[in-house]
Amino acid sequence: MKHLKVFVSLVAFVAIFVSSNISAYSSDASSSFLLRSVSQEEIRNDALEEYAENKIALVADGKTDFKIIIADDCSKPLSEAAEVLRDVLKKMSGADIPVIRESRAKFSKNHIFIGKATHNISVPDTAADGGYVTDVNDDNISICGADDEGTRNGIYGFIEDKLGCMFLTGKDTYIPKHKSVFIEKGRETDAPATKWRDVYSYETAQNKWAAKLRLNGIDIESDDKSLSIEQLQYEGWGTWCHNCYDFLSPDEYFESHPEYFSEKNGKRVTSYDGRDAYLCLSNPEVFEIVKHSLSEKIAANPDKMYWDFSGNDNSSLAGCECDKCKAADKAAGGTGMGTLLPFLNKLARAFPDKYISTLAYLHTLKAPDGIKAEPNVVIKLCAMPGDQASSYMDGGNSNSNKFKSQVEAWSKITDKIVVWDYVVNFAHLLMPFPNFAVQQKNQKFYEDNNIIGVFHQASREKGGEFANLRAYVLSKLMWHGSTMDVAECISRYIAAYFGNAAPKMIEYMNLCMSSFSSSKKPLGLYDGLIPHFRSYLSDENVERYQHLIDEAKALVKDDASIKSRLEEVEISVAYAKVIQPRISEEERRDALNRLNELCKKNGIAMVCEWDSLDHFNSVSLKGIISSEKKTLIMPYILITASVVGVIIIAAVAVFAVKIIPQRKKEKA
């Protein structure tokens, strides 16, 4: 009986242990990050129509005497922004405020002066790095930055922050209707919380939306529609990343000087494991060649302030393994920065009027011991491993905590860090990805740790999950800073974007985010469905998402534009339904047909960073479903195997303790 009790206890322990791992995905409806339903009346901001003594009348009952004044030599981007202001005011009130050149203006009253050239206005140092001053007095309005970029930001800031509009997408602007527009008097200075700002996504590069979002990491001047997203990115940078061979080419030097290149297993190589290798940074001749090459690049593009020199993208190669490089890396605490940062410091001293940057990535991710960065060195620190479930401020799981530690270590070495954050699921671009709740704390963490720039890498492909909303929120956050209420920003955006269907979309997002939050799971950049199958991507939740979208459509059945926007969200739900492991093949076929229909309508060709929709249909989906089913039943296999194992152990124990002694006794 004693042995039986031990056996039962062991079985119960194993069952509880394994089942606890399964139930760790369990859902709870509570969440600290909840959106609220904002009424259409609230976002319309009727206070604009209310006159008061501290206001001036920009438009009164659809009429105005105001004119928009730009300089005679006004730049094209600034002229375009002035025309946007004119268009917005006309659509808002019906009043057409003409844009005229300074030489044709009669300088008296009722002018909106754009830029320093049109009006004598001082811009304080606090408006540096793209900031601006807005001055509203009894007679005129002035919008002015220290340069054209700041003035342009001021125009778009005036449209959103003063007039209550929202630049929802590259082609959609929310403009409330007001027959009269009264603006409060006063002088205000506004400047970005983050100096260099980019949201790397397909959407921000379209129709110069980046300018309206007040981003400065994307080229908004080019009218060349043939340029790719890659060609429009990294504004202000002469070189960006993974580029050491651009400075010292294997084609030119390897045959005559193999010692310039990385050593691996006792041999000098220019590639390893199918990818480009590295340079031998301890070789003084390498530095001289790189310095000369950089000087030529700067001479060709003198307006660029940031110049990057960094290793190639090869996770199989930890830099050069020659004795000198290995010794330097070891002395710095076992990081490739032992060779790279001193090399970079020398470049920075050679070009003191430029910022010289590099990637902290893979083997150079770890901050070095005993080495400080020069004042004009910029470290582009990649969020590796990173996580989108816990903020970097909290470090609530191992991945986010590791990156938190890296940022804190690097901030002691340099006061110029650009964070390269990943805000996307690379393996499933269309799948719901509820990462909004951590962004406000992340921004605060950046502000507290010498972060001068943020590169939010989203999806380079068209139509990622909530792509427009995510770009909008991250852009606003980098400008306004961590005091911005992200939940409120999203709530107002949803109200403007989805109109009368907004309450159902608020319910949809709250269900998705709270189900995920309560699971206490990480949110990785390559997660499949199974890690979240018992929380926000459960088959029950996916069905509920679809039901909410159907209800939302019913509320706006006569509004084709809003229905089209709802279908953008439905793409993510259809994708999540298609890869569900427990639905029937008929249900999967119907969901796949709907997914393809919606993707075709919206011009979506990729489902992940390396897989097309066509390949997904014909090949990948089968593999995903097969893998998911195996992963889903694995805990139950473990339970069965554990129970069987315990039974065998218990049987052997009983045999050893009771049967064998009994037989020995009988023989005796």
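Worth saying up front: this structure is predicted, and the values here are computed from it rather than measured.

**Regarding the confidence of the model for the protein**
Confidence along the protein averages 90 in pLDDT terms, with 90% of residues attaining 70 or more. Low pLDDT, under 50, characterises residues 1-31; the stretch is placed with 42 contacts to residues that sit more than four places away or in other chains.

**As for the pairing of strand β6 (residues 141-145)**
In terms of burial, β6 is a largely internal element, five of the five residues being buried. Across the two faces of β6 the burial is the same, with Ile-141, Ile-143 and Gly-145 and Ser-142 and Cys-144 all buried. Pairing geometry for strand β4 (residues 111-114) and β6, over three bridges, is parallel. What sits directly across from Ile-112, in β6, is Ile-141.

**Structural notes on the sheet that holds strand β5 (residues 132-136)**
Pairing is mixed in the open sheet, where six strands are placed in the order β3-β2-β4-β6-β5-β10. The two strands at the open ends of the sheet, each matched to only one other strand, are β3 (99-101) and β10 (186-190). In this sheet, adjacent strand axes meet at a mean angle of 20° when their direction is disregarded. As paired strands, β5 and β6 are joined by five bridges and run antiparallel to one another. What sits directly across from Thr-134, in β6, is Ile-143.

**A word on unusual backbone geometry**
Trans peptide bonds make up most of the peptide bonds, and negative phi angles are found at most residues other than glycine. Here Met-384 and Pro-385 are connected by a cis peptide whose omega angle stands at 0°. Position of Pro-385 relative to the elements: it lies in the loop between β19 (377-382) and α12 (398-410). Backbone geometry at Asn-45 places phi at a positive 55°, although glycine is not the residue there. On the secondary structure map, Asn-45 appears in the loop between α2 (40-44) and β1 (55-59).

**Some details on the environment of Leu-566**
Summarising the element assignment, Leu-566 is placed in helix α18 (residues 560-578). Leu-566 sits in the buried class, given a relative accessible area of 0%. In sequence terms Leu-566 and Val-556 are 10 residues apart; their C-alpha atoms lie 9.8 Å from each other. Every residue in contact with Leu-566, bar those within four places of it in the chain, is listed here: Phe-498, Ala-501, Met-505, Ile-549, Ala-552, Lys-553 and Val-556.

**Quick word on the environment of Ala-495**
Assignment of secondary structure puts Ala-495 in helix α15 (residues 486-498). On a C-alpha basis, the gap between Ala-495 and Phe-616 in space is 34 Å, while along the polypeptide they are 121 residues apart. Once residues lying within four places of it in the same chain are set aside, the contact partners of Ala-495 are Val-38, Gln-40, Ile-43 and Ala-502.

**Let's talk about helix α19 (residues 585-602)**
With 18 residues, α19 should reach 26 Å at 1.5 Å per residue; the first-to-last C-alpha distance of 25 Å fits that figure. Of all the positions in α19, only Arg-588, Ala-591, Leu-592, Leu-595, Leu-598, Cys-599 and Asn-602 are classed as buried. Taken end-on, α19 shows its buried residues confined to a sector of 135°, consistent with a single buried face. In α19, the exposed positions that point more than 90 degrees away from the buried face belong to Glu-586, Lys-600 and Lys-601. A positive backbone phi angle near 70° is found at Gly-603, which sits one or two residues after α19.

**Digging into empty space enclosed by the protein**
If you walk through the whole model with that rule in mind, you get three cavities of 30 Å³ or more. In this structure, the largest cavity spans a volume of roughly 140 Å³. Lining the largest cavity we find 18 residues, and of these Val-424, Ser-459, Gly-464, Glu-465 and Arg-470 sit closest to its centre. Considering every element that reaches the lining of the largest cavity, the biggest residue donor is helix α14 (residues 467-480), with three residues. Among the residues forming the lining of the largest cavity, the class breakdown is nine nonpolar, five polar and four charged.

**Re the pattern of salt bridges**
Throughout the structure, instances matching the rule amount to 38 salt bridges. Across the pair Lys-476 and Glu-160 runs a salt bridge, and its minimum N-O distance is 3.0 Å. One end of the pair, Lys-476, is in helix α14; the other, Glu-160, is in helix α4 (residues 148-162), with 316 residues separating them in the sequence. Note that Asp-313 is salt-bridged to Arg-275, the shortest N-O span being 4.0 Å. Of this pair, Asp-313 sits in the loop between β17 (306-308) and α10 (323-331) while Arg-275 sits in strand β16 (residues 275-276), and the two are 38 residues apart along the sequence. A relative accessible area of 25% places Asp-313 in the partly exposed class. One network of salt bridges, with partners in common, ties together Lys-553, Glu-567, Glu-570, Arg-594, Glu-597 and Lys-601.

So, how was this worked out
- Residues numbered from 1 in each chain as written.
- Predicted model: local features only at pLDDT ≥ 70, side-chain atom pairs only at ≥ 80, totals over all residues.
- Heavy atoms only, no water.
- pLDDT = per-residue confidence, 0-100.
- Contact = heavy atoms within 4.5 Å.
- Buried < 20%, exposed > 50% of the residue type's maximum accessible area, 1.4 Å probe, protein only.
- Helix = DSSP H or I, 4+ residues; strand = E, 2+ residues; numbered from the N terminus.
- Pairing = 2+ DSSP bridges.
- Axes fitted to C-alpha atoms, helices over the stretch in contact; angles between N-to-C directions.
- Expected span 1.5 Å × (residues − 1).
- Arc of directions from axis to C-beta.
- 1 Å grid on protein atoms, 1.4 Å probe; cavity = no way out; pocket = protein on both sides within 12 Å on 5 of 7 lines; lining within 4 Å.
- Points joined across faces, edges and corners; volume = space filled by probe spheres on them.
- Nonpolar A, V, L, I, M, F, W, Y, C, P; charged D, E, K, R; others polar.
- Salt bridge = Lys/Arg side-chain N within 4 Å of Asp/Glu carboxyl O.

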